[in-house]
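# Analysis of the macromolecular model
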Amino acid sequence: MKRPSGLQKGDKVAIVCPASFVRGTVDIAVKTLESWGLEVQIGKTVTSAYHQFAGDDALRAKDLQDALDDDSIKAVFAGRGGYGTVRIIDAIDFSNFKKNPKWLIGFSDITVLHSHVERNLAIPTIHGQMPKSFEESTKSGLNTLKTALFGKPLAYSFKQNKQENREGKVEGILIGGNLAILHSILASDSDMVYDNKILFIEDVGESFYNIDRMLWTLKRAGKLAKLKGLLVGSFSSMKDATPGFGQTVEEIILDKVKEYDYPVAFHFPAGHIDNNHALILGAEVRMEVGKSHVNLEFNS
């Protein structure tokens, strides 16, 4: 497995938008990245808009392609998520990226990119704050992103009193991202192999019944049966109907994995939240889950 090199002060990074257009600016992110000693290159898509997208499909594909092919750029940030990465993913040529891997950073709709790279190239990527989300990010969330980018040891230990957690210790490659996106790319060339992996999932603004439906789809597709572990991030701004669905997110998830014996950790601080902690997808991790704690350590 090739792994991107850790960044060093003076390195150049790019911001491009493969999905929706940026509302406002990414000025705060640029200043933050520059304070880390990085040179920031702004892609054309960051200031472009075409309906809801950051430029038409051709422009977004070219902007991402140019950043991937430019060997002077050591990391590529997705400016924001939204929707649109799936419309361009098959137009991207990853041959130069495969020879000279660099960090790809984002979450939400950028799960398409994470998953595609894992499926086809097995190169780690970073699920973490995007330039637009720097504005509301906690200091902790940004610090973990910096740690991951600069190749420093990344490990988490959270105390929690969550009786829903299913205890256990496992090691394996961490994959995943946004549940709705994982559901949408099933059976495509971007769909990952889930067997013997530790799966991370998160989502935002979904109905309880839709979370249930998407998880049933993953289960019936055989995606949940042979996991080594399940790491559950934030499920924020959830919606319910009248009458209500009748189950919490935790109950919905545990219902889908009740016949399997791998550990399950809830409420990991990653996803559509201000305190979005960075995760290196495609990396080997050690996960320890207890009723009152979750430890996650990334192998260097």
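Provided above is the structure to which this section pertains.
So, here is what we can say about the structure in this document. (Residues numbered from 1 in each chain as written. Predicted model: local features only at pLDDT ≥ 70, side-chain atom pairs only at ≥ 80, totals over all residues. Heavy atoms only, no water.)

What follows deals with the overall build of the protein. In terms of helices and strands, the protein carries nine helices and 13 strands. Its C-alpha atoms give the protein a radius of gyration of 18 Å, near enough to 19 Å, the size a compact globule of 300 residues would have. Its C-alpha atoms give the protein principal-axis dimensions of roughly 50 × 40 × 35 Å. A buried classification covers 57% of the 300 residues belonging to the protein. Contacts spanning at least 24 positions in sequence make up 80% of the contacts within the protein whose residues lie at least 6 apart. Carbon and sulfur atoms make up 48% of the accessible area of the protein, which totals about 12800 Å². Side-chain charges in the protein split into 36 positive and 37 negative, and the spacing between the mean points of these groups amounts to 3 Å. (Helix = DSSP H or I, 4+ residues; strand = E, 2+ residues; numbered from the N terminus. Rg over C-alpha atoms; globule rule 2.2 N^0.38 Å. Buried < 20%, exposed > 50% of the residue type's maximum accessible area, 1.4 Å probe, protein only. Contact = heavy atoms within 4.5 Å. Areas by Shrake-Rupley, 256 points an atom, 1.4 Å probe, with all protein chains shown as cover. Lys, Arg positive; Asp, Glu negative; His and termini not counted. Charge placed at Lys NZ, Arg CZ, Asp CG, Glu CD.)

Looking at the secondary structure, you find Thr147 in helix α6 (residues 139–149). Classification of Thr147 by relative accessible area gives partly exposed; the value is 22%. Along the sequence, Thr147 and Leu7 sit 140 residues apart, while their C-alpha atoms lie 9.7 Å from each other. Discounting residues that sit within four places of it in the chain, Thr147 has contacts with Lys152, Pro153 and Leu154.

Core analysis: the biggest nonpolar cluster contains 47 residues, and Leu149 and Phe298 have the highest contact counts within it. Here this core gets four residues from one element, more than from any other, and that element is α6. Phe298 has contacts with Leu154, Tyr156, Leu174, Leu279, Ile280, Ala283, Glu284 and Val285, leaving out every residue within four places of it along the chain. (Core = buried A, V, L, I, M, F, W, Y, C linked by side-chain atoms within 4.5 Å.)

Now for the packing of helix α8 (residues 208–220) against helix α9 (residues 249–256). Running from amino to carboxyl end, α8 crosses α9 at an angle of 15°, the nearest separation of the two axes being 10 Å. One way to sum up the angle between α8 and α9 is to call them roughly parallel. Judged by the sense of rotation from one axis to the other, the crossing of α8 with α9 is right-handed. Contacts from Phe208, Ile211, Asp212, Leu215, Trp216 and Lys219 in α8 reach Val249, Ile252, Ile253, Asp255 and Lys256 in α9. (Axes fitted to C-alpha atoms, helices over the stretch in contact; angles between N-to-C directions. Parallel < 35°, antiparallel > 145°, perpendicular 65-115°, else oblique. Left-handed = near helix turned anticlockwise from the far one by under 90°.)

It is worth spelling out the sheet that holds strand β12 (residues 284–289) at this point. Two orientations exist for strands paired in a sheet by backbone hydrogen bonds: parallel and antiparallel. If you walk across this open sheet you meet the seven strands as β6-β13-β12-β7-β8-β9-β10, and the pairing is mixed. Two strands lie at the open edges of the sheet, namely β6 (155–159) and β10 (264–265), each paired on one side alone. One ladder, built from six bridges, connects strand β8 (residues 197–204) with strand β9 (residues 229–236); its direction is parallel. Bridge assignment links Leu199 to a residue of β9, and that residue is Leu230. (Pairing = 2+ DSSP bridges.)

Right, let's get into the pattern of salt bridges. Close approach of charged atoms lets side chains of opposite charge pair. On inspection of all chains with the given rule, the structure shows eleven salt bridges. One salt bridge connects Lys62 with Asp66, and the closest N-O pair in it is separated by 2.8 Å. Here the residue Lys62 and the residue Asp66 both occupy positions in helix α2 (residues 57–69), the gap between them amounting to four residues, near one helical turn. A relative accessible area of 49% means that Lys62 is categorised as partly exposed. Judged by relative accessible area, Asp66 falls into the partly exposed class, the value being 38%. Taking the shortest distance from any N to any O, the salt bridge between Asp212 and Lys256 comes out at 2.7 Å. One end of the pair, Asp212, is in helix α8; the other, Lys256, is in helix α9, with 44 residues separating them in the sequence. On the basis of relative accessible area, Asp212 is assigned to the buried category, the value being 12%. You can call Lys256 buried: its relative accessible area is 0%. One continuous salt-bridge network, built from bridges that share partners, spans Asp212, Asp255, Lys256 and Lys258. (Salt bridge = Lys/Arg side-chain N within 4 Å of Asp/Glu carboxyl O.)

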